[in-house]
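Examination of the molecular architecture
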Amino acid sequence: MNLTIDVSHKEDVAYLTLVGEVDAFTAPKLKDTILPLTKEEGQVVEVDFEQVNYMDSTGLGVFISALKSTKEHNSEMKLIHMQDRVYRLFKITGLTEIMNIDSTVQGGM
Amino acid sequence: MDFQSCVNIKKEWDIVGARQLGRDIARKIGFGTVDQARIATAISELARNIYLYAGTGKVCFEALEEIDHKGIAIIAMDNGPGIQEISQVMEDGFSTSGGLGAGLPGVKRLMDEFDIHSEEGKGTEIRVVKWLR
Amino acid sequence: MSTLKLDLENYKELLQEYIRTKDEQALYQAEQFSKQSMQHQISPDEIINVHIQSLQEIYPEMPEYIQSSMNFLLETMISYGLAYQEHQSLREKQLELKSEISVAANMQKTLLSTVKPELDEVEIGALSVPAKQMNGDYHHFVYDNQGNLGIAVADVIGKGVPAALCMSMIKYSMDTFPEMRMDPSVILGSLNRVVERNVDSSMFVTMFYGLYNSNDHTFSYSSAGHEPGFYYHKETDEFEEIDVPGLVLGVSADTAYTQYKREVKRGDMIILLTDGVTECRQGERFIEQDEVLDVIKSYSHLPPQDIVDQVYRHFERLQDFHLRDDFTLIVLRRNV
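Residues numbered from 1 in each chain as written. Chains lettered and ligands numbered in written order. Predicted model: local features only at pLDDT ≥ 70, side-chain atom pairs only at ≥ 80, totals over all residues.

Moving on, we come to the domain arrangement of chain C. Each domain of chain C was delimited in the assignment, giving domain 1 (8-92) and domain 2 (115-334). A separation of 60 Å is found between the C-alpha centroids of domain 1 of chain C and domain 2 of chain C. (Domains from an automatic or database assignment.)

As structure tokens, then:
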């Protein structure tokens, strides 16, 4: 159970590629990576979930605080390529309504 | 007998110099092999802290002689950033050097007396003493 | 042998005897010596020192290179000795923390305790088991003597102490609400503002609030991003997911919650749960939703309390008796 986070930048967009599981053990690392990015005004943070097969509520918490931070700092967050299991979590918690989530690749319903 | 001698700590190699001088003084005072090893380890730890966190500083040694007992005092001084939360660095398990060092609690265990003064932005002075039994 | 002395003389004798006889007996005593040393918190470098001194006394003519090599060994063991002492002191601290947490856990239990109402119209089964000492799940029953039964099921993100602290806050807020019958959507709306104001930005709470009216057998409910429960139709012997939209508590202050209402027929069941039930894992495999329902169905002939107990036992066994998350399951059945 591990998570690797790859960050690359292209113009105003920061691309985060996650590989592995987001849980109570890996969430702090993700938070430390993503939060500073959302604090830059105008920054677009795009998170690729294609290789995330599991996420628990702690992971959800990271994205909730990232979302709050984007609103505070005028930045933007986009979650892409989400697998069904992970998408379900965002759906149940009502977050799909307030977050920019694109789940086209794995067909997240 | 009351003299003080110091080693400046600027590079990692100076840690060895401080150990050597401290061990020589400890031997002259009459400390046995184990205590020499303990004193040297404490010196290493103090000197490494200077090297890692303050950049430069010095470690001084004092041979102590009182009516009924002899001992060695080691004083580590630097003008580094200082320590914000002394109680925190004195806590077991809290070691910012990646858990590999014995940390200040280790130094305290190795020695008989331990005293620390630190001011943020000004520096740190640690004085430790070991008595000859 | 039991009064083994931890001194130089003793060690020297043992060593001497072993060198002379190569006897297992001496080795066994060496083992006892090391165990006693640990009991007296004697660090490894001290034992090496005793060894060096014994050698010097047994072999006054010991070659210089052996003496040096022993000193070298001693030097390398000093840090191990320190690490050992640190380990000991951390162990003591850990015990202290453990007992503190268990006191806190007991307080929490008292604080969050709820009484399951015994009603003729609806029968209730409820079970909540924490994965660790403190429970991040919460459920609560309120009965107003006019036939209204309020049921809250909540889950705080994360586990352990922070989750428990947050739960206690929720419980207190709920207690301050007026005693009269309240609509689920109103309750969730006010709780959302409490959580949004008082909790860390990465912390959130999911809650399902239901109100069972035992006069006309209707069930009104709202959900704040909570794990969907199930509705069991007795007539068709089928489950239906109670999937209602609603944002988790604590994300956005002005969230409004929609309230839904349905009629409950005789023998029908309402099943409320937390993700500790649906996120069960068997090894690396996740339990599918259908499996959860199959298990519930297989016990559906039993009284509700027996259903929840049996379902818990089933999943506890499936996960090798090691819960990964707090587990809460509530079953309501209309009897008359």
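If you look at the biggest cluster of nonpolar residues, it comprises 91 residues, and the most contacted ones within it are Val205, Met207 and Ile271 of chain C. In this view, Met207 of chain C contacts Ala152, Val153, Ala154, Leu188, Leu191, Ala224, His226 and Leu249 of chain C; residues no more than four positions away in its chain are not counted. Ala18, Ala26, Ile29 and Val107 of chain B belong to the second largest nonpolar core, which has 35 residues in total. (Core = buried A, V, L, I, M, F, W, Y, C linked by C-beta atoms within 7 Å. Buried ≥ 20, exposed ≤ 12 C-beta atoms within 10 Å, placed from the backbone. Contact = placed C-beta atoms within 7 Å.)

For the rest of this paragraph, the subject is the interface of chain B and chain C. Tallying the contact residues gives eleven residues for chain B and 13 residues for chain C. Counting only elements with at least two residues in the side of chain B that touches chain C, the list comes to α2 (33-54) and α4 (103-110) of chain B. The biggest single contributor to the side of chain B that touches chain C is α2 of chain B, with five residues. For the side of chain B that touches chain C, the per-class residue count stands at four nonpolar, four polar and three charged. (Helix = DSSP H or I, 4+ residues; strand = E, 2+ residues; numbered from the N terminus. Nonpolar A, V, L, I, M, F, W, Y, C, P; charged D, E, K, R; others polar.)

As a further point, take helix α2 (residues 24-39) of chain C. Within an α-helix, residues lying three or four positions from one another point in the same direction, as the helix has 3.6 residues per turn. Compared with the 22 Å implied by 1.5 Å per residue over 16 residues, the 23 Å span of α2 of chain C between its first and last C-alpha is a close match. With its phi angle positive at about 55 degrees, Gln41 of chain C sits one or two positions after the end of α2 of chain C. (Expected span 1.5 Å × (residues − 1).)

Okay, the confidence of the model for chain C next. Detailed conclusions should not be drawn from predicted coordinates in areas where pLDDT is low. Here chain C averages 87 in pLDDT, while 95% of its residues score no lower than 70. Here the prediction assigns the complex a pTM of 0.71, and the interface score ipTM is 0.83. (pLDDT = per-residue confidence, 0-100.)

Quick look at the sheet that holds strand β4 (residues 205-213) of chain C now. Residues and elements named next belong to chain C. Read from one edge of the open sheet, five strands run β2-β3-β4-β5-β8, paired in antiparallel fashion. Bordering the open sheet on either side are β2 (137-143) and β8 (260-263), each of which pairs with just one other strand. Adjacent strand axes in the sheet meet at a mean angle of 15 degrees when their direction is disregarded. Here β4 pairs with strand β5 (residues 218-224) via seven bridges, running antiparallel. Following the sheet pairing, Gly210 is matched in β5 by Tyr221. Contacts between helix α5 (residues 160-176) and the sheet are confined to β2, β3 (148-156) and β4, with β3 contributing the most and set at about 155 degrees to the helix. (Pairing = 2+ DSSP bridges. Axes fitted to C-alpha atoms, helices over the stretch in contact; angles between N-to-C directions.)

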